[in-house]
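Close look at the chain arrangement
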Amino acid sequence: MRVRLAVLAAAAVLFAASLGQTSVTPALPIIVGQLGGLEHITWVVTAYLLASTVGAPVMGKMGDLFGRRAVLQAGIGVFLTGALICALAPSMAVLVLGRFVQGLGGGGLIVVAMASVADVLPPRERGKVQGALGAVFGVSTVVGPLAGGFLAQHLGWQWIFWVNLPIGLVALVVLSLSLAARPPRARPAIDYLGAVLLAATLSCTVLIFSTGGVSLAWDSAGMAVLASGLVLSFAGFILAERAATEPILPLSLFRLNNFVVANLTGVMVGGAMFGTITFIPMFMQVVKGMAPSPSGMFMTPMMLGLVGTSMLAGRVMARTGRYRLLPVVSTLILALGMSGMATVGPDTPNALIVLFVFVAGVGIGPVMSVGVTAIQNAVPLETVGVGTASANMFRLIGGAIGTAVFGAMFATGLAARLAALGLDGIGQGGRLTPAVMRALAPEQHAQVTAAIAEALHPVFWCAAVLGLLASLAGLLMRELPLEDAQMPKRAAPAE
């Protein structure tokens, strides 16, 4: 009974934190209408992404040192404090601050909740539960935007944050009852310098790829400062971790084959998924002429495929104790789905687009659950928290890079195609909207929609290549069978 409660608490925490990531975007126009600050609107999303990327490895390590229950309780407190700041925000600046605080808690909650599974279940059973948690994450990515849009439209955007309070409090009560408290390690040595330098490295990475070409030109002085900060902080981080007694991210983990392979696969799949996911609703709105709500529903097939195969992969791992071939096959399926999306055009039937999106989701599903399970099965048990955090961290880094690179590819390709047609004045300054498309003459409309589709083709082809490369990388994973009983603690490999 206690194990079931622990899994339920992990699912509730994961669901609440995931909703924090996905529910705000549909409400941004309404928020700007009330608070102003249009020039800072992207920071509502970027602040959460930045804070969650930084918070995940730090809280993962704290869970290893002080116990998962205490860190989850603290993380929920931080997350709910951020939600409260957002709900009461009188200005865009305060809202961005609240999103940053919420992200610090949310990023840590996701990884510590996943790591807590390793405390209460043997390795083979973890696979099934990680598959279910992956499904929870997939459901939240669909429910989040729909719930956010509904609450903002009917009750006010503040309710996007108010609803976090009861969910978070229920999760707090359940995990307090289900997870056993354990005393911290004797005299834990906290790697403050490593934490600061890792935070600086991750912050510079996220900021470079989330602001580059958007609010900061790639050749600007600000971008040069960020790039210099990335190089210096990363070099300092490596030196600090070599000298630390309890490193925040032990470099010894990078000597473990499955740790490296799982995270390499996660980077590529994260880039393919997050780098293309924003283009599908845009294509349906601008090219197909759909309203925002129906266009957003075209992401549902991807998430249905993701949820189904994530749970199926978990059951396979629980039954057989094996997992090596699952991401190899699934990422090939991802490449197939992205290849299909690379052929879509204005005249492509919607049913065929649904099929391609569903196939892509089928390919993504097993990667998250298998990656976390493989890492937890490979790393020493005393580093399960930071190992689990690494999976989320590298997936987010891949997503940030993919979003920036694919966005630049699309913008450059579309501009070149419109210029070739003599229509380069269309769409400048963000004016390429469904309303602009409807106002075009029929001949121009056909030319522009074809140009948009053609500009998207290289994006999806690159995503397909990432899926293929991820499949090849998966072949390097070693099969470490999942045991039926809890394994004794393994010693970390020597530096």
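Right, let's walk through the structure included here. (Residues numbered from 1 in each chain as written. Predicted model: local features only at pLDDT ≥ 70, side-chain atom pairs only at ≥ 80, totals over all residues. Heavy atoms only, no water.)

Here the focus is the overall build of the protein chain. Counting its secondary structure elements, the protein chain contains 19 helices and zero strands. Against the 2.2 N^0.38 benchmark of 23 Å for 495 residues, the protein chain shows a C-alpha radius of gyration of 22 Å, consistent with a compact globule. Projecting the C-alpha coordinates of the protein chain onto the three principal axes gives extents of approximately 70 × 50 × 45 Å. Counting all 495 residues of the protein chain, 54% fall into the buried class. Residue pairs in contact within the protein chain that sit at least 24 positions apart in sequence constitute 83% of those at least 6 positions apart. If you sum the accessible surface of the protein chain, you get close to 19,900 Å²; carbon and sulfur atoms cover 71% of it. With 26 positive and 17 negative side-chain charges, the protein chain shows a spacing of 10 Å between the two charge centroids. (Helix = DSSP H or I, 4+ residues; strand = E, 2+ residues; numbered from the N terminus. Rg over C-alpha atoms; globule rule 2.2 N^0.38 Å. Buried < 20%, exposed > 50% of the residue type's maximum accessible area, 1.4 Å probe, protein only. Contact = heavy atoms within 4.5 Å. Areas by Shrake-Rupley, 256 points an atom, 1.4 Å probe, with all protein chains shown as cover. Lys, Arg positive; Asp, Glu negative; His and termini not counted. Charge placed at Lys NZ, Arg CZ, Asp CG, Glu CD.)

This part covers the environment of glutamine 444. If you trace the backbone, glutamine 444 turns up in helix α19 (residues 442-474). When its relative accessible area of 29% is taken as the criterion, glutamine 444 is described as partly exposed. Between the C-alpha atom of glutamine 444 and that of leucine 421, which follows or precedes it by 23 residues, the distance is 9.3 Å.

Below, the discussion takes up the packing of aromatic side chains. Across all of its chains, the model carries four aromatic pairs by this definition. With a centroid separation of 5.2 Å and 90° between ring planes, the pair formed by phenylalanine 254 and phenylalanine 259 is classed as edge-to-face. By the ring-pair criterion, three or more aromatic residues cluster together here, those being Phe254, Phe259 and Phe394. (Phe/Tyr/Trp six-rings, centres within 6.5 Å; stacked < 30°, edge-to-face > 60°.)

Looking now at the packing of helix α11 (residues 257-277) against helix α12 (residues 279-286). For the pair α11 and α12, interaxial distance at closest approach is 5 Å and the crossing angle is 25°. The pairing of α11 with α12 is recorded here as roughly parallel in orientation. Across the interface between the two elements, Gly275, Thr276 and Ile277 of α11 pack against Phe279, Ile280 and Pro281 of α12. Residues that form the contact of α11 with α12 fall into these classes: four nonpolar, two polar and no charged. (Axes fitted to C-alpha atoms, helices over the stretch in contact; angles between N-to-C directions. Parallel < 35°, antiparallel > 145°, perpendicular 65-115°, else oblique. Nonpolar A, V, L, I, M, F, W, Y, C, P; charged D, E, K, R; others polar.)

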